[in-house]
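The residues making up each chain are set out below.
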Amino acid sequence: MEEAAGRTRQESLTAWVRDSLPKALAFARSLLVDCHAAEDVVHDCVCRLLEREERYDLSRDGFKLLLRSIANACIDLGRRASRVRWQTGLDVDCDTASVSVDRRSIEPYQLAIHKELEMAVGEALRHLPLNQRAALELKSLGCSLSEIAETLEISESHAGVLVHRARRALSQELKCFLHDV
């Protein structure tokens with residue numbers, strides 16, 4: 001009986017990890033841009049949660065806890081990278097993840113425009129402060145303002161302000177793509 005309960009709990013944890021991991025990786029990648037660093041952060045955060053899984057109801061609260069943990073880890077990592085840049089004068093180059101497209105079905109000029117827009121969006125996102133980028137990414141994942149606030153440990157109104165400021169900054173950075181200039 002005890003062995004069956006242990007197997008059921010293990011299956012439940014496995015299902016939780018399988019369901020949470022893709023969105024958690026996407027969230028971390030949007031904050032850090034560097035895919036390898038994002039994977040490391042997610043791995044560490046998932047491992048820490050699983051080590052303490054008896055304290056939490058992961059099926060109910062695990063994803064929110066994971067996103068909060070990832071956001072905090074990314075902010076800490078960003079602060080450390082800023083200190084390194086400040087102290088050494090070195091700039092850290094980040095790799096960007098690209099979306100695969102069947103290039104045969106697209107005209108060459110469309111590919112060029114798409115690549116230019118992709119690069120402009122990536123650059124505009126990198127210019128956003130990390131808390132605005134985190135709020136915007138959570139919103140794009142379908143989170144409500146109250147969920148964003150809970151994840152980032154801020155008030156709901158502040159979450160709304162961060163999303164608004166991020167959208168406004170992106171539209172300003174990308175206005176040449178959004179309007180005929």
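An account of the accompanying structure is given in this report. (Residues numbered from 1 in each chain as written. Predicted model: local features only at pLDDT ≥ 70, side-chain atom pairs only at ≥ 80, totals over all residues. Heavy atoms only, no water.)

1. Topic: the overall build of the protein
Here is step 1: Counting its regular elements, the protein contains 8 helices and 0 strands.
Here is step 2: The N-to-C order of helical and strand elements in the protein reads α-α-α-α-α-α-α-α.
Here is step 3: Here the protein holds 181 residues, and the buried ones make up 30% of them.
Here is step 4: Partitioning the intrachain contacts of the protein with sequence separation of at least 6 by distance along the chain shows that 65% fall at a separation of at least 24.
Here is step 5: When the accessible area of the protein is evaluated, it comes to approximately 12,100 Å², of which 53% is carbon and sulfur surface. (Helix = DSSP H or I, 4+ residues; strand = E, 2+ residues; numbered from the N terminus. Buried < 20%, exposed > 50% of the residue type's maximum accessible area, 1.4 Å probe, protein only. Contact = heavy atoms within 4.5 Å. Areas by Shrake-Rupley, 256 points an atom, 1.4 Å probe, with all protein chains shown as cover.)

2. Some remarks on the side chain of arginine 68
Here is step 1: Of note, arginine 68 is situated in helix 3 (residues 58–88).
Here is step 2: Judged by relative accessible area, arginine 68 falls into the buried class, the value being 18%.

3. A closer look at helix 5 (residues 130–140)
Here is step 1: Among the 11 residues of helix 5, 8 are classified as buried, and the element is accordingly described as predominantly covered.
Here is step 2: Taken as a whole, helix 5 has its buried residues at Leu130, Gln132, Arg133, Ala134, Ala135, Leu136, Glu137 and Leu138.
Here is step 3: Of the residues flanking the end of helix 5, it is glycine 142, one or two places downstream, whose phi is positive at about 95°.

4. Some remarks on the environment of serine 69
Here is step 1: Its location among the elements puts serine 69 in helix 3.
Here is step 2: C-alpha separation for the pair serine 69 and cysteine 45, spaced 24 residues apart in sequence, amounts to 6.1 Å.
Here is step 3: Leave out the neighbours within four places in its chain, and serine 69 touches Cys45 and Arg48.

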